[in-house]
Every structure is written in C-alpha cells, then in structure tokens.
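Take a look at the letters that make up each chain.
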Amino acid sequence: MGNLHAGILGTGHAYPAGILTNAELEKTVETSDEWITTRTGIKQRRKAAPGEYTSMFAVRAARQAIERAKLDPLEIDLLLCATVTPDQILPSTGCIIQAELGANKAAAMDIVAACSGFLYGLTLADSMIRTGQSRYVLVIGAEILTQYVDYTDRGTCILFGDGAGAAVLGPVEADKGILAARIRSDGRYLEQLFSPGGGTRRPASAATLAAGDHYFKMRGNELFKVAVRSMSEISNEVLEEAGQKAEDISLFIPHQANQRITDAVASKLKVEEARVYSNIAMHGNTSSASIPIALDECVEAGRVKEGDLVLMASFGGGVTWGGVLVRW
Ligand code: UT7
C-alpha cells in the first residue's frame, strides 16, 4: 500500500430540467414557502418528468467526470453507483450505466447506503486504488427520489429532489488525494427512514400500492438529531486520523439534507459559513447525489484549488454515515 493515495481526477453532475417550487407545493399540500424556507432552507428541487430515469442523469454526470479526468471509459476498472432509486431491480444501475458509457473493462455494481452512498463509494475506491486492485474508479451518486415521495405527506414531500453527480478517482502523489475516509452504519435505526414495500418482505401488490408502502417513511425529528451527532463525530474522526484541524479546512461539503443540520454541524466543528458549501435552496435533498453535485458545483465555481483541504460528511437512511477528507 505504501504512500499511494487515491485522488479525485474529474467530477461532473446532471439533473432534470423540471423544477418543483415551494409555491407549487403550497397548492397541493398543507405547507407554506415560509415554513419550508425557515425549517429547511429549501426553495426548489429538481423533479424528473415521466419517462426520465436514474441512469439517464448518472450517465451524463459520469461522462463529464471521465472527460475532465482525461480518460477513456475503457480505462475505468471499477464503477460504483450509489443509489436507493435504481432503474430496476435487476441488473444493477451500475451495469446499465457501464453499457451506456462503454466502460466495458470495469466491474460495475450498486451501493445501497442512502445519502451516504457517495462517501461509501469514495471510501471503497480509496481502498481499491491503494491496494492496487483498481487503477481508475468511477463513483456515482444518482437518484430519482421524487418517484418514491408521497405528495400527500408534508413531512417528506418538501425535502427531496432528483439528480446525479460523479467523480473519477485514480492514483496521485502521496501528499494529495484522500487523506482519511470512514464509513459507518447502525441498522437498529432502520425505521427512521425506510420504504417498506416492493421487496421480498412485502412484495409489490395492489394492496401494497394502495397502502403507499413503496413510499419513503421518515421520522424526521429523530433523524435530525442522529444527523447532527453522527456527521460531527465522523468529521472529527477523519480530521484526527489525518492529523488535521477544523481550522485547516478550506471547504466543508456536508450532505445537503436541511440547512439547519448543516448549520448545527458546522457550528459544532467551528467552521464558519464562508467555508461551508450549501446548495440546498436550489436542489433540496438528493440523497446519494447531494455531495457529488455540490462538489462539482464547487469545482466549476473555482471554490476548490490545488492544495485545499476539503471535508465531506454525510448521514442517511440505514442509518448510515461517513466522512472523507481530501487534499485537492
Ligand atoms: O438525508 C436524510 C433524510 N432526512 C432528513 O434529512 C430529515 C431530517 N429532519 C428534518 O429535516 C426535519 O426534521 C424536518 C424538516 C423533516 C421537519 O422539521 P422539524 O423542525 O423537525 O419539524 P417537526 O417534524 O418537529 O414538526 C413541527 C411542526 C409539526 O406541527 P405541530 O405538531 O407542531 O403542530 C408538523 O406537523 O411542523 C409541522 N410540519 C409542517 N408544517 C408545514 C411538518 N412538516 C410541515 C410542512 N409544512 N411541510
């Protein structure tokens, strides 16, 4: 393993053209732009149109990331697609994306870790590259969450949006790239965010459809507390492991779940607003796509420069959480 590090060589993102604003939600469910804005920071979210599916946006994001990494799709030897909203049960969305990209020399698979899926992917990519098992790894986070949202449930329907983000990783000089990466989960809290129907436990039927068992169910309030605690803790763990301090962070990119969660975590870490990235107003919560979309927006805006220390942290259904620290 030596001192070899895995670095992010290229990023990309894509999302549907359709926009669902708070004003539109006000018309269909008992809520208000004022409540959504003050409680979550969200103003709008992207919503896929009928006929649009997860891999469409994943492929667009991935192509951009591969191009910016100056690679040929045939050089990718591992393709990880983080998603909880796959195109279909079989095959993996990873394999569908692989075929579209012509990344025919890769092993492709999906990662099911909800909003932490992209950081799970970065962590696995880091290990595979450092052990020499893989050279170039494509990690994607892609979701069409609006397909699984119950638009009569105001506790969830205001939060979620659609999109995809991607990153290509490869070996870099030892003082750059991923300095520390950690992932965790605790299945005892699985009912904080889950979708009960459509699997082998409760196979899809007219009855499960009528009961809305395929929709996301969430205990938002409980999840909020777990989110703040787990993201702060894992951020401190990766900083400590890399021998870095919160004051050294150039940019903190948290999972975009709720502006109040972001603010609470940033305040615990003592990272002031200017060093924290937020796009929740425009995208809402896009689960596994949230961090890679945010990361690519930062790259495009010139907010990450060579030598910068970038911290990413996430939490999500499972529950799962993760932290990744990168020297750009
Ligand atoms: O990526 C992981 C995904 N999950 C999350 O990130 C969820 C984390 N949790 C949250 O973001 C917040 O808990 C929510 C935004 C979901 C809810 O905010 P909250 O401040 O925790 O509100 P609450 O659930 O405690 O509800 C407060 C009140 C309730 O009314 P009463 O009982 O006080 O009369 C709710 O019924 O707000 C009501 N409420 C709403 N009112 C207007 C809940 N949702 C809405 C709504 N519009 N959309």
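What comes next is a walk through the structure. (Residues numbered from 1 in each chain as written. Predicted model: local features only at pLDDT ≥ 70, side-chain atom pairs only at ≥ 80, totals over all residues. Heavy atoms only, no water.)

Attention now goes to the packing of helix α3 (residues 54–68) against helix α4 (residues 93–101). Taken N-terminus to C-terminus, the directions of α3 and α4 make an angle of 55°; their axes are 10 Å apart at the nearest point. Accordingly, the angle class assigned to the pair α3 and α4 is oblique. α4 is crossed by α3, and the crossing has right-handed handedness. Within the contact between the two elements, α3 uses Ser 55, Ala 58, Val 59, Ala 62, Arg 63 and Ile 66 and α4 uses Thr 93, Ile 96, Ile 97, Glu 100 and Leu 101. Tallied by class, residues from the contact of α3 with α4 come to 7 nonpolar, 2 polar and 2 charged. (Axes fitted to C-alpha atoms, helices over the stretch in contact; angles between N-to-C directions. Helix = DSSP H or I, 4+ residues; strand = E, 2+ residues; numbered from the N terminus. Parallel < 35°, antiparallel > 145°, perpendicular 65-115°, else oblique. Left-handed = near helix turned anticlockwise from the far one by under 90°. Contact = heavy atoms within 4.5 Å. Nonpolar A, V, L, I, M, F, W, Y, C, P; charged D, E, K, R; others polar.)

In this model helix α5 (residues 117–130) runs 20 Å from its N-terminal to its C-terminal C-alpha over 14 residues, within 8% of the 20 Å that 1.5 Å per residue would give. Turning to α5, its buried residues are Gly 117, Phe 118, Leu 119, Tyr 120, Gly 121, Leu 122, Thr 123, Ala 125, Asp 126 and Ile 129. (Expected span 1.5 Å × (residues − 1). Buried < 20%, exposed > 50% of the residue type's maximum accessible area, 1.4 Å probe, protein only.)

Turning our attention to the sheet that holds strand β13 (residues 320–327). Strand order in this open sheet of 4 strands is β8-β13-β12-β11, and the pairing throughout is mixed. Two strands close off the open sheet at either side, each with one partner strand: β8 (177–185) and β11 (251–254). On average, each strand axis in the sheet is tilted by 10° relative to the strand beside it, whichever way the strands run. Note: β8 against β13, 8 bridges, orientation antiparallel. Note on β13: the bridge partner recorded for Ser 185 is Thr 320. Sitting on the sheet, α5 is in contact with β8, β12 (309–316) and β13, with an inclination near 125° to β8. In this fold helix α9 (residues 259–269) packs onto β11 and β12, with an angle of close to 140° to the strand it touches most, β11. (Pairing = 2+ DSSP bridges.)

This paragraph deals with the site of the ligand. In the vicinity of the ligand, 22 residues are found, and the nearest of them are Thr 31, Arg 39, Asn 221, Asn 258 and Arg 260. Within the backbone of Gly 220, one N or O atom sits 3.0 Å away from a nitrogen atom of the ligand. Here an oxygen atom of the ligand and a side-chain polar atom of Asn 285 are 2.8 Å apart. Elements supplying a minimum of two residues to the shell around the ligand: α2 (33–40), α6 (154–157), α8 (220–241) and α9. Taken together, the residues of the shell around the ligand sort by class into 10 nonpolar, 8 polar and 4 charged. (Near = heavy atom within 4 Å. Polar contact = N/O pair within 3.5 Å; in protein donor to acceptor, adjacent residues only side chain to side chain.)

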